[in-house]
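So you can see what is in the structure, the chains are spelled out below.
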Amino acid sequence: MQFKNNTKQRLKTIQGLRSFKDTLPKNIKKIIKKKGHIFSETLNNWKYIVGNEIFKICYPKSFKNSNMFGVSTLHVMVKRGHEIDLEYSKKEIMDKMNSFFGYAVVEKLKFISFDDAQTKFKKIDKNENYVTNSKYTDRINDIKNDKVKKSLLELTKLFKQR
């Protein structure tokens, strides 16, 4: 291998075969060194680590690595109302994570609760076929007054019966 000075991206470039980490930009290298490996492996194997029941009520949000000021912490998002269940299984989750990686990766778990208020969309009944064309049904649905909208839909049902 020969080393060559290149002023565009880095001070030195290597000609020939090089490892994958040498081809990455500096910013991405910093992210991977900080938390990339542990957090990505945790995300990929979360269902295996915690089990099916806990997997349905929580997911990992972020991972903070240990430094001289604090310990390594995994932040977990939990559905509101299931915090106590996760609090009781906290030690079990930490043991499984540490055994999965082979060394003490997580020393502390923090739980952040969130509301699981998913918007539920109204399904259109396919049994009711209206006489009106689709452009008229769109116009009827755009009407803000509920009474007028309901009466127009009832009118279309009457035309259908005749």
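Below is a short write-up of the structure. No experiment lies behind these values; they were computed from the predicted model shown. (Residues numbered from 1 in each chain as written. Predicted model: local features only at pLDDT ≥ 70, side-chain atom pairs only at ≥ 80, totals over all residues. Heavy atoms only, no water.)

Let us now look at the overall build of the protein. When you go through the protein residue by residue, the secondary structure sums to eight helices and five strands. For the protein, the sequential pattern of α-helices and β-strands runs β-β-α-α-α-α-β-β-α-α-β-α-α. When burial is assessed residue by residue, the protein has 21% of its 162 residues classed as buried. Sequence-distant contacts, at least 24 apart, represent 46% of the contacts inside the protein between residues at least 6 apart. Surface accessibility of the protein: about 13,600 Å² in total, with carbon and sulfur atoms responsible for 54%. (Helix = DSSP H or I, 4+ residues; strand = E, 2+ residues; numbered from the N terminus. Buried < 20%, exposed > 50% of the residue type's maximum accessible area, 1.4 Å probe, protein only. Contact = heavy atoms within 4.5 Å. Areas by Shrake-Rupley, 256 points an atom, 1.4 Å probe, with all protein chains shown as cover.)

Below, the discussion takes up the sheet that holds strand β3 (residues 58-64). The strand order across the open sheet formed by three strands is β3-β4-β5, and the pairing between neighbours is mixed. Strands at the two margins of the open sheet, each flanked by one partner only, are β3 and β5 (108-114). Taking the axes of each pair of neighbouring strands and ignoring which way they run, one obtains an average angle of 25° across the sheet. Sheet topology note: the β3/strand β4 (residues 73-79) ladder contains six bridges and is antiparallel. Along β4, the bridge assignment pairs Y59 with M77. (Pairing = 2+ DSSP bridges. Axes fitted to C-alpha atoms, helices over the stretch in contact; angles between N-to-C directions.)

All right, on to the pattern of salt bridges then. Here the structure, examined in full by the defined rule, presents four salt bridges. The residue K91 makes a salt bridge to D95 at a minimum N-O spacing of 3.7 Å. Of this pair, K91 and D95 are both found in helix α6 (residues 90-101), four residues apart, which corresponds to roughly one turn of the helix. Of the residues examined, K91 reaches a relative accessible area of 56% and is grouped as exposed. Looking at D95, the relative accessible area reads 41%, which means it is partly exposed. Close ionic contact of E92 with K96 constitutes a salt bridge, the shortest N to O distance being 3.4 Å. With E92 and K96 both in helix α6 and four residues apart, the pair spans about one turn of that helix. Assessed through its relative accessible area of 44%, E92 is described here as partly exposed. (Salt bridge = Lys/Arg side-chain N within 4 Å of Asp/Glu carboxyl O.)

So, about the packing of aromatic side chains. Taken as a whole and assessed by the stated rule, the structure comprises three aromatic pairs. Pairwise contacts between aromatic rings join Y48, F100 and F101 into one cluster. (Phe/Tyr/Trp six-rings, centres within 6.5 Å; stacked < 30°, edge-to-face > 60°.)

Attention now goes to the side chain of T73. Take T73: it is sitting in strand β4. There is a polar contact of 3.2 Å between the side chain of T73 and the backbone oxygen of V71. Those residues in contact with T73 that sit more than four places away from it in its chain are S62, F63, K64, K108 and K110. (Polar contact = N/O pair within 3.5 Å; in protein donor to acceptor, adjacent residues only side chain to side chain.)

Our next topic: α6. The end-to-end C-alpha distance of α6 is 17 Å, a good match for the 16 Å that twelve residues give at a rise of 1.5 Å each. Restricting attention to buried positions, one finds in α6 the residues I93, M94, M97, N98 and F101. For α6, the buried positions fall inside an angular range of 125° around the axis, keeping them on one side. Exposed residues pointing more than 90 degrees away from the buried face of α6 are listed as K91 and S99. (Expected span 1.5 Å × (residues − 1). Arc of directions from axis to C-beta.)

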